Amino acid sequence: DGKYYLYVGKEKVGPFDDVLYSTFSPDGKTLAYSVEIDKKWYLYVGKEKIGPFDDVYSPEFSPDGKNLAYSAEIDGKWYLFVGKEKVGTFDYAGFPIFSPDGKTLSFTAKIDGKWYEKVFFNSQTYTGSICGNKVVYIKDGKIMLKD
């Protein structure tokens, strides 16, 4: 019938027009995945349905499994969602990766046609990156190292 289904354990979930970008929480108990239904995209986290969005992908759990980050397009603009926080707007945002302690998130963003590596922590966004286990970012024109 041109529909997609997802099998989670013994449970069959669907039908969906498309299924993409699935990931398990670190404890293996919760599956996050994006689905298309009637030309809109939704993110499922376990049985919770979040959306609709124009597009949604890149779900990533924090190492302790308490937070989930993902990128979503709404009305032609991209946002990064981290737990309950909505970060943006961007021309594009994606590829979220948590630091090992789960307190910082790095992601790729396109702003005014230029690509940036960004970090998000303490409800603030900076140009920066996670290098090894260290967070390096720019604040007030200075290169900073987050402990």
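For the structure, check the block above.
This is a predicted model, so every value here is computed, not measured. (Residues numbered from 1 in each chain as written. Predicted model: local features only at pLDDT ≥ 70, side-chain atom pairs only at ≥ 80, totals over all residues. Heavy atoms only, no water.)

### Thoughts on the sheet that holds strand β8 (residues 68-74)
- Spatially, β7-β8-β9-β10 is the arrangement adopted by the four strands of the open sheet, whose pairing is antiparallel. Only two strands of the sheet have a single neighbouring strand rather than two, namely β7 (55-61) and β10 (85-90). When strand polarity is set aside, the average angle formed by the axes of neighbouring strands in this sheet is 15°.
- For β7 and β8, the ladder comprises five bridges, and the chain directions are antiparallel. Bridge pairing in β8 places Glu 60 opposite Ala 69. (Pairing = 2+ DSSP bridges. Helix = DSSP H or I, 4+ residues; strand = E, 2+ residues; numbered from the N terminus. Axes fitted to C-alpha atoms, helices over the stretch in contact; angles between N-to-C directions.)

### Some points on the pattern of salt bridges
- If you walk through the whole model with that rule in mind, you get four salt bridges.
- Measuring nitrogen to oxygen at the nearest pair gives 2.5 Å for the salt bridge that ties Asp 17 to Lys 3. Taken together, the residues Asp 17 in the loop between β2 (11-16) and β3 (18-24) and Lys 3 in the segment before β1 (4-8) connect sequence positions 14 residues apart.
- Note that Lys 47 is salt-bridged to Glu 11, the shortest N-O span being 3.0 Å. Within this pair, whereas Lys 47 is found in the loop between β5 (40-45) and β6 (48-53), its partner Glu 11 is found in strand β2, the two being separated by 36 residues in sequence. (Salt bridge = Lys/Arg side-chain N within 4 Å of Asp/Glu carboxyl O.)

### Observations regarding the sheet that holds strand β4 (residues 31-37)
- The strand order across the open sheet formed by four strands is β3-β4-β5-β6, and the pairing between neighbours is antiparallel. Two strands in the sheet have a free side with no partner beyond their single neighbour: β3 and β6. Strand-to-strand twist in this sheet, taken as the mean axis angle between neighbours without regard to direction, amounts to 20°.
- Bridging between β4 and β5 involves six bridges; their strand directions are antiparallel. Along β5, the bridge assignment pairs Glu 36 with Trp 41.

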